[in-house]
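# Coordinate analysis (summary)
Next come the chains, spelled out residue by residue.
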Amino acid sequence: MLSEDSKFMKPYNPLDTEKRIYEMWEKSGYFNPDNLPSADKGPFTIMMPPPNANGRLHVGHALFVTLEDIMTRYKRLCGYKALWLPGTDHAGFETQVVYEKKLEKEGRSRFEFTREELYAEIMKFTLEHKANTEDDLRSMGASCDWSREKSTLDADIIKVVYATFKQMSEDNLIYRGKRIVNWCTKHQTSLSDLETNAETRTDKLYYMQYGPFVIATSRPETKFGDKYVVMHPDDTRYSQYKDGDKLPVKWLEGEITATVVKDEAIDMEFGTGVMTITPWHDMADFEIAKRHNLSGVEVIDKNGKLTDVAGEFKGLKIEVAREKVVERLKELGLLVKEEAYEHNVITCYKCNRILEPRIMPQWFVKMEPLAKPAIDAVKNGEIKIIPDFQEKIYFHWLENIRDWNISRQIAWGIPIPAKICSNPGCDYGAVDLDDEMTGKCPKCGEGELIVDPDTFDTWFSSGQWPYATLGYPDHSDFKKFYPTDVMETAADILFFWVARMIMLGLYRTGKIPFHTIYLHGMVRDGARQKMSKSKGNVISPVEIGEKYGTDALRMALIVGNTPGVDMALAEDKIKGYKLFANKLWNITRFVLSNADFAQYDKSFADYTEEDNKLRENRNNLIVDITADLDNYRFHLASEKLYHYIWDEFASNILENSKNIFLSGEDKAKISRQQFLLHTLEKILIVLHPFMPFVTEEIWQSLEKDSLLMIEKWPVE
RNA sequence: GCACCUUUAGCUCAGUUGGUUAGAGCGUACGAUUCACAUUCGUAAGGUCGCAGGUUCGAACCCUGCAAGGUGCACCA
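Computed from a predicted structure; not experimentally measured.

## A closer look at the overall build of chain A
Looking only at helices and strands, chain A features 20 helices and 25 strands. Evaluated residue by residue, chain A yields a buried proportion of 56% over its 716 residues. Considering only intrachain contacts with a sequence separation of at least 6, the fraction spanning at least 24 residues in chain A is 76%. Of the roughly 30700 Å² of accessible surface on chain A, a fraction of 49% belongs to carbon and sulfur atoms. The distance from the centre of the 92 positive side-chain charges to the centre of the 112 negative ones in chain A is 1 Å.

## Comments concerning the nonpolar core
Residues Phe634, Phe649 and Phe690 are the most contacted members of the largest nonpolar core, which totals 98 residues. Beyond its immediate stretch of four places on either side in the chain, Phe690 contacts Ile70, Arg554, Met555, Ile558, Leu629, Phe634, Ala637, Ser638 and Leu641. One finds Phe113, Ile157, Leu173 and Tyr472 within the second-largest nonpolar core, a separate group that totals 75 residues.

## Description of the packing of aromatic side chains
Scanning the model with the defined rule gives 37 aromatic pairs in all. Between Phe165 and Phe456, the ring centres sit 5.0 Å apart and the planes meet at 75°, which makes this aromatic pair edge-to-face. Residue Phe165 is found in helix α5 (residues 155-170), and its partner Phe456 is found in strand β21 (residues 455-456); the two are separated by 291 residues along the sequence. Owing to a relative accessible area of 0%, Phe165 belongs among the buried residues under this scheme. By the ring-pair criterion, three or more aromatic residues cluster together here, those being Tyr162, Phe165, Trp363, Trp404, Phe456 and Phe460. The residue whose ring lies beneath Arg73 is Trp25, and the NZ or CZ to ring-centre distance is 4.1 Å. Positioned above the aromatic ring of Trp404, the side-chain terminus of Arg500 is 3.9 Å from the ring centre.

So, how was this worked out
Each chain carries its own residue numbering, running from 1 in the written order of its sequence. Starting at A for chains and at 1 for ligands, labels are handed out in the order in which the entities are written. Where totals are concerned, whole chains, interfaces and linings use all residues; where local detail is concerned, this predicted model gives features only for residues with pLDDT of at least 70, and gives and counts side-chain atom pairs only at 80 or more. Computation of side-chain values covers all heavy atoms of the structure but excludes hydrogens and water. Helix and strand assignments come from DSSP, with helices taken as H or I runs of at least 4 residues and strands as E runs of at least 2, each series counted from the N terminus. The cut-offs for exposure are 20% and 50% of the maximum accessible area for each residue type, with area from a 1.4 Å probe on protein chains only; residues under the lower value are buried, those over the upper are exposed, and the others partly exposed. Here, two residues are considered to be in contact whenever any of their heavy atoms come within 4.5 Å of each other. In short, Shrake-Rupley with a 1.4 Å probe defines the accessible areas, and a residue's cover is counted only from the protein chains shown. Think of it this way: Lys and Arg go in the positive column, Asp and Glu in the negative one, and His and the chain ends go nowhere. Note that the charge is assigned to NZ on lysines, CZ on arginines, CG on aspartates and CD on glutamates. In these notes, a set of buried Ala, Val, Leu, Ile, Met, Phe, Trp, Tyr and Cys residues joined through side-chain atoms within 4.5 Å is what counts as a nonpolar core. Classification of ring pairs rests on two measures: the distance between centres of Phe, Tyr or Trp rings, Trp counted by its six-membered ring, which must be within 6.5 Å, and the angle between planes, read as stacked under 30 degrees, edge-to-face over 60 and tilted in between. Should the NZ of a Lys or the CZ of an Arg lie within 6 Å of a ring centre and within 35 degrees of the ring normal, that charge is described as sitting over the ring.

Laid out in structure tokens, this is it:
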């Protein structure tokens, strides 16, 4: 029976509880599956999507932590050797951008540093944030195995990444080539197709006289040196011109000789059906030039300024140059007309500046051979994506995949272990893991072999996370825990990360990296607005945890939140689950005031008819919830538990128990006491994955000499 | 342009393979209680399940078309 000074006489106080409970768990060693005393089932593994070590965790992270912790705790309770492997991501470009913003705020610039200095600075910055991230994960109750924690810059991870790079090179899946890439003039790096946004803009379309033709362009400043004029082979308007015809043309730089090219890529309906091409600065033009083996010139440099080719316009920025070039065209009488024109421009997803397509030697991964097995793995059901509609999106992307530019011209990242040719015109490159190659370039014979200054796209390394973290190929962890079970992550990195993990995992290990992908949506505020610092509607998980308790936040994030769909999180919802934690607290107080765990009889059987009925209902519910958990229906499992505990157990059963304890027969009293004790015990276990802190705290008061986190799941 | 998602009570959302009077939380209204509850309990109002067709004994759920909002992908100068 409860004493007057029992902690249950006061409301539940999460702030006083959570840290203490977490330390108890961590000290127990049970986050490490090797230490689980009675795990009689196989391994269950989740790789934590490593948070970027460049800021505090936000409420979106809280969602993934909660989901993965629920899965891990549930499986641990079911007797699996549950491994949830935590980590952090150096997040190459992302982090460098964050760091540069910090420098800008301080009135500094990254150009004050050498590459080595910048790397060291960002490393320091990253390590600080890594510590913050770990604290935040602990405060959210993450039951992950800290003894196996990894970072993407750990030496053993880099070793695996390098070995993959080498093998891919040997298998002819990696090539270095001069290809047109997305170039950001602010960040001074190329970007993959995924790191770009398309933005609809209205600009002017200029029609210009080009010899006997009228051509249209939105970018007159790139038209220096255009000497190929292209039209569709079937266009009868121009049938008098043959492929390869040479024509004298009066153009920006004076009299030039233009060559006629016929190509089916030309849309006869658009403009005049004739265009000139700028292979250095336009994706489509580049393709045409490649087909016809045409040469091109660089008109715009890395800083977005015109080159020598532009003569007197040299050094001007694009916007300025455009106006001046149009003026010149007018003077020359070459401008026919201008009209408003709506089109898409490709912008940097970080700074929104228009990306300048340019030709550069870069490292590319051939994606088609990798994509095919990845498509098959999902098609044949080896890998399941939840929600299933995401499979369509996955197929659509993989079936139309383009080669992946994995080199970045930034300091912060894993260096590419290769030698390249010092001659900027030469695209030679070779993998050189042991830094052995020296001498003249074997391709052009002019340049010297130098260390490639570029770094890997961060997704090239994080794409190898599941097997790299487990010590592929030799470590016993790899043999034991790979393939992993569930990949739980945000729906918006399906392409960036998930698809690449499948491709690289299949390529490198020959096995799928995980059999189930659970994708969650974005967390928005109560009014469905995106959370952002500038709007001031950001919910900080640590602050909210302090105010309402982490358990309350976790429940608010799970109940009614279906996979793959964005959710709205209002503070009132969190408050509601704080009350729920307190409800559970008071339920315990009531039960312990009327029954005693010292009298708990594990095999008690002398229940009244009424209590047997209640037992049946309770057990059915637990079976039902177990099925929900097995099928990743966490939103339903949590809601059912909530309702059973509040509306059935508290409102009906406890109310009704008052009469029994007041005036019932002894047999009924004893039966009900046992029912309450058993039910409270089972509720605590089943609720534990969702609300680990309050359930463990109550468990510790039940005169049980054990941790709730390693109890046995109560399916009878 | 192509694809995908969403559309259910004032708000935010559930509704697990089509099956009886469509559910929850919050909010609202009224009442009760402080007897486990820094409260809680009860009662109530509130929905043409986006629109229009179709399949079915039966549709919020399946099919077709349309509309609105959102997202992704790709592009023609």
